[in-house]
Amino acid sequence: MDTSPPRLEIKDITRSFGGRAVVDHVSLTVQPGQVTCLLGPSGCGKSTTLRIIAGVEMQDSGTIHVDGELVCDTIFRIPPENRSIGLMFQDFSLFPHLTVAENVAFGLRGAKAEKRSRVIQLLRRVDLERYIDDYPHQLSGGEQQRVALVRALAPSPKIMLMDEPFSGLDNRLRDDIRDDTLAVLKEEGTAVLLVTHEPDEAMRMADEIALMRDGKIVQQGAPYNLYNAPKDREAAAFFSDINVIRGKVQGALTETAFGQFLAPGVADGASVDIVIRPQHIKIDFDRQGRGPNPTPQDGTPARGVVERARFMGNESLVEFRMDFDQSILRATIPSVFLPKTGTPLWLMIRRDRCFVFPAKG
Ligand SMILES: Nc1ncnc2c1ncn2[C@@H]1O[C@H](COP(=O)(O)OP(=O)(O)OP(=O)(O)O)[C@@H](O)[C@H]1O
């Protein structure tokens with residue numbers, strides 16, 4: 001078993017502005033070669049956490065360790081430039097008056113020949129060696145971003161902090177650059193803490209996601225754990241559109257139009273939200289009112305009438321007005337399926353893919 005300390009460890013970090021805890025007892029660790037994403041909505045405190053680790057913002061309490069050594073508490077503080085931390089932001093601001101080579105070499109110390117060889121090695125790695133003597137304005141946005149990446153990596157930082165580094169790039173370019181960036185960071189063995197508000201980006205990049213809300217980390221784990229076992233309704237909703245069916249609990253069960261659902265540990269009379277993602281709703285035909293033949297796993301079917309159907313590219317999104325309470329439920333189907341408005345259809349929900357949470361409010 002590896003007993004070496006984490007590359008980055010922050011413990012119980014808190015920071016308040018005007019009496020409001022913007023970062024509220026945040027703890028996390030990142031191992032070498034691991035990418036951890038701090039994921040959360042705008043304003044939840046992600047960037048402030050990153051700025052504290054970088055050393056440009058002071059925490060009110062808590063500690064930061066790198067490879068087991070104290071970097072910062074409320075008394076002792078290693079200055080930002082000595083923390084072996086690379087930074088990469090959305091606004092990647094290369095120096096316009098310096099060539100690509102000079103930009104990449106900017107944070108490097110040592111002999112000229114040595115620096116040049118590290119610059120060439122890195123530019124070759126991101127397939128940009130041919131631009132070595134060009135100026136940033138001669139490069140596309142994606143190329144500039146790759147130069148910014150290798151500039152940050154040039155001094156071989158132990159940790160890379162990235163704040164929405166890809167949000168300035170257009171969609172298709174972004175996927176390629178994300179994958180390239182990830183490959184380079186893994187190869188260099190850098191520990192990465194990446195801030196993003198986009199769940200897709202976090203799922204694509206992260207070994208581990210720390211989901212943040214109102215200054216706190218509410219759930220932490222591998223992307224599939226957060227997606228498949230969200231802690232609450234909001235965590236489920238952060239990763240995809242959701243449908244919510246509310247029910248009252250009696251004897252640890254709740255009765256709905258889709259049949260009974262288990263609600264263990266919830267008191268009699270309390271309400272629960274049954275959360276189901278649109279891709280886990282099954283659709284069947286009406287067959288002149290005879291309806292479907294559900295399997296035990298599908299549970300009881302409930303009838304709805306198509307409100308509207310749209311083709312989304314790789315799936316169709318169908319909205320139903322449900323007979324039982326006139327609420328709207330949304331289902332996605334991975335093909336072209338565009339029933340006419342007013343068509344009666346039956347819906348079943350995949351019980352193994354439902355989440356039951358105590359209702360709030
Ligand atoms: N220096 C400061 N003084 C006062 N308030 C601040 C300061 N820095 C951040 N805040 C506030 O703290 C909250 C969290 O900001 P932060 O930038 O960390 O959030 P974020 O999750 O990174 O959001 P975004 O994705 O929009 O950048 C915001 O409400 C912000 O206005």
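Residues numbered from 1 in each chain as written. Predicted model: local features only at pLDDT ≥ 70, side-chain atom pairs only at ≥ 80, totals over all residues.

### Quick notes on the site of the ligand
- Close to the ligand lie Phe17, Val22, Gly40, Ser42, Gly43, Cys44, Gly45, Lys46, Ser47, Thr48 and His197, which account for all nearby residues.
- Among the elements that take part in the shell around the ligand, helix H1 (residues 46–54) stands out by supplying 3 residues, more than any other.
- Among the residues forming the shell around the ligand, the class breakdown is 3 nonpolar, 7 polar and 1 charged. (Near = placed C-beta within 6 Å. Helix = DSSP H or I, 4+ residues; strand = E, 2+ residues; numbered from the N terminus. Nonpolar A, V, L, I, M, F, W, Y, C, P; charged D, E, K, R; others polar.)

### Some points on the sheet that holds strand E19 (residues 344–349)
- Overall, antiparallel pairing links the 5 strands, which are arranged E15-E19-E16-E17-E18 in an open sheet. At either margin of the open sheet sits one strand with a lone partner, and together these are strand E15 (281–284) and strand E18 (328–333). For this sheet the average axis-to-axis angle between neighbouring strands, irrespective of direction, equals 45 degrees.
- Relative to E18, strand E17 (residues 316–322) runs antiparallel, the two being bridged by 6 bridges. Paired with Leu317 across the bridge in E18 is Thr332. (Pairing = 2+ DSSP bridges. Axes fitted to C-alpha atoms, helices over the stretch in contact; angles between N-to-C directions.)

### Concerning the domain arrangement of the protein
- By the assigned domains, the protein splits into domain 1 (8–237) and domain 2 (241–358).
- Domain 1 and domain 2 are separated by 40 Å when their C-alpha centres are compared.
- Each partner contributes to the interface: domain 1 provides 5 residues, whereas domain 2 provides 6 residues.
- Split by residue class, the side of domain 1 that touches domain 2 holds 3 nonpolar, no polar and 2 charged. (Domains from an automatic or database assignment. Contact = placed C-beta atoms within 7 Å.)

### Here's the deal with the sheet that holds strand E10 (residues 216–221)
- Taken in spatial order, the 6 strands line up as E6-E7-E8-E3-E9-E10 in an open sheet, and their pairing is mixed. The sheet is open, and its two borders are formed by strand E6 (85–89) and E10, each paired with just one other strand. Averaged over all adjacent pairs, the angle separating strand axes in this sheet is 20 degrees, with direction ignored.
- Where strand E3 (residues 35–39) and strand E9 (residues 208–213) come together, 4 bridges link them in parallel fashion. Bridged to Leu38 within E9 is Ala210.
- Each of E6 and strand E7 (159–163) is contacted by helix H4 (residues 141–153), which is oriented at about 165 degrees to E6, the strand it contacts most.

### A closer look at the pairing of strand E13 (residues 259–262)
- Across 4 bridges, strand E12 (residues 253–256) lies against E13 in antiparallel orientation. Bridge pairing in E13 places Thr254 opposite Phe261.
- In sequence, E12 turns back onto E13 through a hairpin of 2 residues.

### Remarks on helix H5 (residues 171–188)
- Between its terminal C-alpha atoms H5 stretches 26 Å, which fits the 26 Å expected from 18 residues at 1.5 Å a residue.
- All of the buried residues in H5 are Arg174, Ile177, Thr181 and Leu185. Down the axis, H5 shows its buried residues gathered within 70 degrees of arc, on one side only. Pointing more than 90 degrees away from the buried face of H5 are the exposed residues Arg172, Asp176, Asp179, Ala183 and Glu187.
- The secondary structure elements touched by the buried residues of H5 are E3, H4, E7 and strand E8 (191–196).
- After H5 finishes, the residue Gly189 shows a positive phi value of roughly 70 degrees. (Expected span 1.5 Å × (residues − 1). Buried ≥ 20, exposed ≤ 12 C-beta atoms within 10 Å, placed from the backbone. Arc of directions from axis to C-beta.)

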